Amino acid sequence: MSRIEQLITEIEEYIDSCKFQPLSTTKIIVNKEELDELLVELRLRIPDEIKQYQKIISNQEAILSDAHSKADAMLAEATAQTNELVNEHEIMQRAYAHANEVIEQAQAQAQAIIDNAVNDANNIRQGSIQYTDDMLKSLQTIITHSMEGAQGRFDAFMNSMKSSYDIVTSNRNELSAGVITEKEEEPQEQ
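Residues numbered from 1 in each chain as written. Predicted model: local features only at pLDDT ≥ 70, side-chain atom pairs only at ≥ 80, totals over all residues. Heavy atoms only, no water.

(A) Summary view of the pattern of salt bridges. The final tally for this structure, using the stated rule, is three salt bridges. With a closest N to O distance of 3.6 Å, Asp66 and Lys70 form a salt bridge. Of this pair, Asp66 and Lys70 both sit in helix H2 (residues 32-87), separated by four residues, roughly a single helical turn. The exposure class of Lys70 is partly exposed, given its relative accessible area of 43%. (Salt bridge = Lys/Arg side-chain N within 4 Å of Asp/Glu carboxyl O. Helix = DSSP H or I, 4+ residues; strand = E, 2+ residues; numbered from the N terminus. Buried < 20%, exposed > 50% of the residue type's maximum accessible area, 1.4 Å probe, protein only.)

(B) Seen up close, the nonpolar core. Core analysis: the biggest nonpolar cluster contains 16 residues, and Ile4, Ile8, Ile11, Tyr14, Leu38 and Leu42 have the highest contact counts within it. Looking at this core, the elements with two or more residues in it are helix H1 (3-17), H2 and helix H3 (92-189). Excluding residues that lie within four positions of it along the chain, Ile4 makes contacts with Leu42, Arg45, Ile46, Glu49 and Met135. (Core = buried A, V, L, I, M, F, W, Y, C linked by side-chain atoms within 4.5 Å. Contact = heavy atoms within 4.5 Å.)

(C) Structural detail: the confidence of the model for the protein. For the protein, mean pLDDT is 84; residues scoring 70 or higher make up 89% of the total. At the low end of the mean pLDDT range in the protein sits H2, at 80; at the high end sits H3, at 86. (pLDDT = per-residue confidence, 0-100.)

(D) Quick look at unusual backbone geometry. Its identity is not glycine, yet Leu23 carries a phi of approximately 65 degrees, on the positive side. Inspection of the secondary structure assignment puts Leu23 in the loop between H1 and H2.

(E) Quick look at H1. Taking 1.5 Å as the rise per residue, H1 with 15 residues should run 21 Å; its terminal C-alpha atoms sit 20 Å apart, in good agreement. Along H1, the positions that sit buried rather than exposed are Ile4, Leu7, Ile8, Ile11 and Tyr14. Along H1, the residues classed as buried sweep out an arc of 125 degrees about the axis, all on the same side. In H1, those exposed residues whose orientation departs by more than 90 degrees from the buried face are Glu13, Asp16 and Ser17. (Expected span 1.5 Å × (residues − 1). Arc of directions from axis to C-beta.)

(F) Region of the structure containing the environment of Leu39. Within the secondary structure, Leu39 is located in helix H2. On the basis of relative accessibility, which here comes to 24%, the residue Leu39 falls in the partly exposed class. The spacing of Leu39 and Ile11 is 28 residues in sequence and 8.1 Å in space, taken between C-alpha atoms.

(G) Spotlight on the side chain of Ser128. You can see Ser128 is positioned in helix H3. Ignoring any residue separated from it by four or fewer positions in sequence, one finds Ser128 in contact with Tyr53 and Ile57.

Written out as structure tokens, the structure is:
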């Protein structure tokens, strides 16, 4: 498990461990500094892991270079063997045939090594891109969840304030109706 995955798990566990606000089963109280620390570390770790994947991809060149040098060595060996065989007159025909076989085998092996190296490098590259995309998708989900939670808390707060406002307005209306009635009754008593 990478450090980014560990941080995401820690954030989820932290959110799960937070206490609920009084009189609420959906709102929680979070320590902003602690959550900010986890998010800052997450932001710092993402570039490090991307650098690791880039280093893996850069090894592709080393793999290809190694394959080319092996192919060159095989070709040099085949050429040396061919030259030795050519020097011997009575087996010249077999030398050409054998040299061609060695060259073809060397070229086939070199091409196979190069093809395998290219496939391995492409697989590593695709894997690192997929992994990075998965991590970013997970982070995007956490941020979306956090935004939705914050929006829900804000909407609940606004509904609560609206309800309180309506009660205060209703109470004032009741009071103002009582004050008018008392003023109207006083002149009748005189």
